[in-house]
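Chains, contacts and geometry: an overview
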Amino acid sequence: MLQLLVLSYTATFEIKKTRIAIVDFDKSSSSRELVSLFEGSRFFTIPYYPSQMSEAEQLIDTRKVHQVLVIPEGFCRDMQVNHEVSLQLVTDAVDGSAGALRSAYAQGIIQDYSQEINTTISGRRVSGPIVATWSFWYNPELDYTTFMVPGILVLLVTIIGMFLAGMNVVKEKEMGTIEQINVTPINKIQFITGKLVPFWIIGHLELTLGLVLAWVVFDIPVLGSVGLIYLVASVYLVLVLGLGLIISTLSDTQQQSMFISWFFLVLFILMSGLFTPVEGMPAWAQTLNTVNPISYFIEVIRLVMLKGSGFVDIKSQLVSLSGYAVLVITIAVWRYRKTV
Amino acid sequence: MIEVRNLVKRFAEVTALNNVSLQVDDGELFGLIGPDGAGKTTLFRVISSLLLFDEGHVEVAGKNPVSDYAAIRQMIGYMPGKFSLYQDLSILENLRFFTAIFKTTLEENYDLIKDIYVQIEPFKHRPAGKLSGGMKQKLALCCALVHKPRLLLLDEPTTGVDAVSRIEFWEILKRLKQQGITIMVSTPYMDEASLCERIALIQQGQIMGVDSPEGIIKTFSKPLFAVKADDFYSLITDLRDWNEALSAFSFGEYVHLTMRSESSTAMQVESYLFSRNHSSVSVKAISANVEDSFMYLMLKKEESQ
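A quick note: this is a predicted structure, and the numbers were derived from the prediction, not measured. (Residues numbered from 1 in each chain as written. Chains lettered and ligands numbered in written order. Predicted model: local features only at pLDDT ≥ 70, side-chain atom pairs only at ≥ 80, totals over all residues. Heavy atoms only, no water.)

Its place among the elements puts B:Ile72 in helix H2 (residues 69–75). As a C-alpha pair, B:Ile72 and B:Val60 span 12 residues in sequence and 7.1 Å in three-dimensional space. (Helix = DSSP H or I, 4+ residues; strand = E, 2+ residues; numbered from the N terminus.)

Any empty space left between the atoms is revealed when a probe the size of a water molecule rolls over them. Residue and element names in this part refer to chain A. One number sums up the size of the largest pocket: a volume of about 750 Å³. Arg63, Val278, Glu279, Glu299 and Gln317 are, among the 35 residues lining the largest pocket, the residues nearest its centre. The set of elements that each furnish at least two residues to the lining of the largest pocket consists of helix H5 (96–120), helix H12 (293–307) and helix H13 (311–335). The class makeup of the residues in the lining of the largest pocket is 10 nonpolar, 14 polar and 11 charged. The residue makeup of the lining of the largest pocket includes at least three contributed by each of domain 1 (2–137) and domain 2 (144–335). (1 Å grid on protein atoms, 1.4 Å probe; cavity = no way out; pocket = protein on both sides within 12 Å on 5 of 7 lines; lining within 4 Å. Points joined across faces, edges and corners; volume = space filled by probe spheres on them. Nonpolar A, V, L, I, M, F, W, Y, C, P; charged D, E, K, R; others polar. Domains from an automatic or database assignment.)

This brings us to the side chain of B:Ser247. Structurally, B:Ser247 can be placed in strand E11 (residues 245–251). Judged by its relative accessible area of 11%, B:Ser247 is buried. (Buried < 20%, exposed > 50% of the residue type's maximum accessible area, 1.4 Å probe, protein only.)

Attention shifts here to the pairing of strand E2 (residues 15–24) of chain B. Residue and element names in this part refer to chain B. Two strands pair when backbone bridges link them, and strand E1 (residues 2–10) and E2 are joined in this way by six bridges, in the antiparallel orientation. Bridge pairing in E2 places lysine 9 opposite leucine 17. As consecutive antiparallel partners, E1 and E2 are separated by four residues. (Pairing = 2+ DSSP bridges.)

We now examine a nonpolar patch on the surface. On the surface, A:Leu209, A:Val212, A:Leu213, A:Trp215, A:Val216, A:Val217 and A:Phe218 cluster together to form a nonpolar patch covering roughly 720 Å² of accessible area. When you line up the elements, A:Trp215 lands in helix H8 (residues 188–216). (Patch = residues over 30% accessible without salt bridge, like charges linked within 9 Å, V, L, I, M, F, W, Y side chains within 5 Å. Areas by Shrake-Rupley, 256 points an atom, 1.4 Å probe, with all protein chains shown as cover. Salt bridge = Lys/Arg side-chain N within 4 Å of Asp/Glu carboxyl O.)

The next point concerns the packing of H8(A) against helix H9 (residues 226–250) of chain A. Residues and elements named next belong to chain A. H9 packs onto H8 with a crossing angle of 135 degrees between their chain directions and a minimal axis gap of 9 Å. When the axes of H8 and H9 are compared, the pair comes out oblique. Crossing angle aside, the handedness with which H8 passes H9 is right-handed. Contact residues: Ile192, Lys195, Leu196, Phe199, Trp200, Gly203, His204, Leu207, Thr208 and Leu211 in H8; Ile229, Tyr230, Ala233, Ser234, Leu237, Val238, Leu241, Gly242 and Leu245 in H9. Classifying every residue of the contact of H8 with H9 gives 13 nonpolar, five polar and one charged. (Axes fitted to C-alpha atoms, helices over the stretch in contact; angles between N-to-C directions. Parallel < 35°, antiparallel > 145°, perpendicular 65-115°, else oblique. Left-handed = near helix turned anticlockwise from the far one by under 90°. Contact = heavy atoms within 4.5 Å.)

Bringing the sheet that holds strand E6 (residues 151–154) of chain B into the picture now. All names here are of chain B. Ordered by their spatial adjacency, six strands build an open sheet running E5-E6-E7-E3-E8-E9, and the pairing between neighbours is mixed. Of all the strands in the sheet, just strand E5 (76–79) and strand E9 (206–211) have a single pairing partner and so form its edges. Averaged over all pairs of adjacent strands, the angle between strand axes in this sheet comes to 15 degrees, irrespective of strand direction. Bridge analysis of strand E3 (residues 29–33) against strand E7 (residues 182–187) gives five bridges, and the strand direction is parallel. When the sheet's bridge partners are listed, isoleucine 33 is paired in E7 with threonine 187. Against the sheet, helix H1 (residues 40–47) contacts E3, E5, E6, E7 and strand E8 (198–203), and its axis sits at roughly 155 degrees relative to E7. Helix-sheet contacts for helix H10 (residues 290–304) involve E3, E8 and E9, and the interaxial angle to E8 is about 45 degrees.

We now examine the domain arrangement of chain A. If you check the domain split of chain A, you get domain 1 (2–137) and domain 2 (144–335). Once you take the C-alpha centre of each, domain 1 of chain A and domain 2 of chain A turn out to be 37 Å apart.

What follows deals with the domain arrangement of chain B. Here the domain parsing of chain B yields domain 1 (2–211) and domain 2 (221–287). Using C-alpha coordinates to define each centre, domain 1 of chain B is positioned 39 Å away from domain 2 of chain B.

Another point: the pattern of salt bridges. Residues and elements named next belong to chain B. Within this structure, the stated rule accounts for 15 salt bridges over all chains. Between aspartate 115 and arginine 175 there is a salt bridge; the shortest N-O distance is 3.1 Å. A residue pair is termed long-range when its members are at least 10 positions apart, and aspartate 115 in helix H4 (residues 110–120) and arginine 175 in helix H6 (residues 163–178) qualify at 60 residues. Classification of aspartate 115 as partly exposed rests on a relative accessible area of 35%.

A few words on the confidence of the model for chain A. For chain A, the average pLDDT comes to 83, and 89% of its residues sit at 70 or higher. Ranking the helices and strands of chain A by mean pLDDT puts H9(A) first, with 92, and helix H1 (residues 2–10) of chain A last, with 65. (pLDDT = per-residue confidence, 0-100.)

On a regular strand, one side chain projects to one face of the sheet and the next to the other, so that they alternate. Residue and element names in this part refer to chain B. Pairing geometry for E11 and strand E12 (residues 254–259), over six bridges, is antiparallel. Note on E12: the bridge partner recorded for alanine 248 is leucine 257. Count of turn residues in the E11/E12 antiparallel hairpin: two residues, of which glycine 252 carries a positive phi of about 65 degrees.

In this section: the interface of chain B and chain A. Listed as interface residues are 20 residues of chain B and, on the opposing side, 17 residues of chain A. Across the chain B to chain A interface the summed buried area is about 1,800 Å²; carbon plus sulfur atoms make up 60%. Sorting the residues of chain B by area buried against chain A places B:Leu50, B:Arg73 and B:Tyr86 first, and these three jointly supply 32% of that buried surface. A:Glu179 serves as the salt-bridge partner of B:Arg45, at 2.9 Å between the closest nitrogen and oxygen. Our enumeration of links across chain B and chain A arrives at seven residue pairs in polar contact (both at pLDDT 80 or more). (Buried area = accessible area lost by both parts, 1.4 Å probe. Polar contact = N/O pair within 3.5 Å; in protein donor to acceptor, adjacent residues only side chain to side chain.)

All names here are of chain A. End to end, H12 covers 21 Å across 15 residues, agreeing with the expected 21 Å (1.5 Å per residue, within 8%). Burial analysis of H12 places 14 of its 15 residues in the buried class, which makes it a mostly covered element. The residue sitting at the N-terminus of H12 and contributing the capping side-chain oxygen is asparagine 292; that oxygen lies 3.1 Å from the backbone nitrogen of isoleucine 294. Phi turns positive, to about 70 degrees, at glycine 308, one or two residues after H12. (Expected span 1.5 Å × (residues − 1).)

Our focus in this paragraph is the packing of aromatic side chains. Residue and element names in this part refer to chain B. By the definition in use, this model includes 12 aromatic pairs over all chains. Both rings, one in tyrosine 110 and one in tyrosine 117, keep their centres 6.0 Å apart while their planes meet at 80 degrees; by these two values the pair is edge-to-face. Aromatic side chains tryptophan 242 and tyrosine 272 sit 4.1 Å apart centroid to centroid with 5 degrees between the ring planes, which places their arrangement in the stacked category. With tryptophan 242 in the loop between helix H8 (232–241) and E11 and tyrosine 272 in helix H9 (residues 266–275), this pair connects stretches of sequence that are 30 residues apart. Owing to a relative accessible area of 10%, tryptophan 242 belongs among the buried residues under this scheme. (Phe/Tyr/Trp six-rings, centres within 6.5 Å; stacked < 30°, edge-to-face > 60°.)

Here it is, written out as structure tokens:
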């Protein structure tokens, strides 16, 4: 029930807030008019007005904006002398479906403006329609698989990690072996570490296999640093395994553990931005996503694999994941009881 | 070695241990005898520091199992009632695992487990889950012994084990006792009670008596008869209806009949049964065993309540 309530809101394909940077080389009344149309739209916010192309490129690289609109010099003049004028629209298409939507929204506004010009400047026929040349960066063909493969890879690593860890301690409870272990002098930290390390290694092997498959089968090489992916994955796996272990220490049977694991997994997965863009979700759902480990890792792996982002770009996610991992492991060690 | 005074352990609805007091001396082979659900396992878990208790005082070798659990776990060997080793590990792997946890080696305490280990050694590469019941018990005992514990807690080690293996197992316990290890063992089988030096009879979370098996039998002060007749079912109901009889329990092919009056005789019983039209009646005066004493103490407890 809870899932139905939460997920219905978050599973929307609509994009509400697109951050667009507008590079206005023309600085004429016409260009300002176009900018104001973007300002007035409820779909767009314009946090930056870079003055140079390189600046705009950097903004889109660091994910500060989703789109860049370039108004070339002579935009106003060309329009009046009946030349066809062209605008350049660059869209970040790491998330293919969201990128396509954003591009369509922006083109819609430009189209409106184009028609408005045609009607307002009556008498003088303005034949030159405004043509927006658009391009998608990072995922030029808006390829769904390119976008999905890294995300699904995260998903698999998560599911395997969470289930392996989630089933483990509770299985020992069912078998009774935990009773024998509990009377030994082994301490909690040793126990949890012992549970963690094998699955941590399995998780890395799986990730490796996944990266190789992505490259060989789907032709998606890692643009950024592979080491960086592993760095984040190593932290992420500790976090996921820790969550699994907490669930496991709290459950009495494998069914219980399975049920709780699935509950969180479904919630985490559908809210993670794997299928639908996080930006399209209501604000409360986005807030909820700050405790969703999957959304962090999906973001990071897409950035690094498709966009080639470096350490600086993903630093904040890494810090969040690390803090989260430490917290979760602490709880897991604390919750594990050496009594029955 | 173990000192338990006025121990109370409650679970949500039931009181699993109700004012339990007992003492186990150093080097003793102590038996905890009682039917299923009497509280044996709960008592073991409290002593082995696995379970926290509600009231009372518990000391194991002078240590408190709540605050000093680390010291106790280093010192005891605990064998749970349910087979609790890793089924997918082989005999040897299980042993190596537990020696590693206790930071010791198999070789160091090999003399202690040698007698037992040689019996399962031919199967040392077989996964523990594929062993027979008796071999599983021997392996579990080995694992409980690898760190040379001073106290061995065995929770129903012979349940589900064949008769021959049971006898072997008790022989092993006797040898371990000779090496100075204190052993506390629980069992639902009354016939095993006489193999212990001292026993505690436990029923519904209460200790009914702690004594040597002989001492327990001595508390049985009434005349006891083994009675047999053709119609076993009406025999036992007739005897239970008889107001001279204190109790009648089936015991194999016999009914063990306890009389109220000290001066009752076999003749008396026979004439009562003839008056009830029983045929081929045989009545023998017998001396009580531990099970008779257990039933008797249970009855006395019920009457006093």
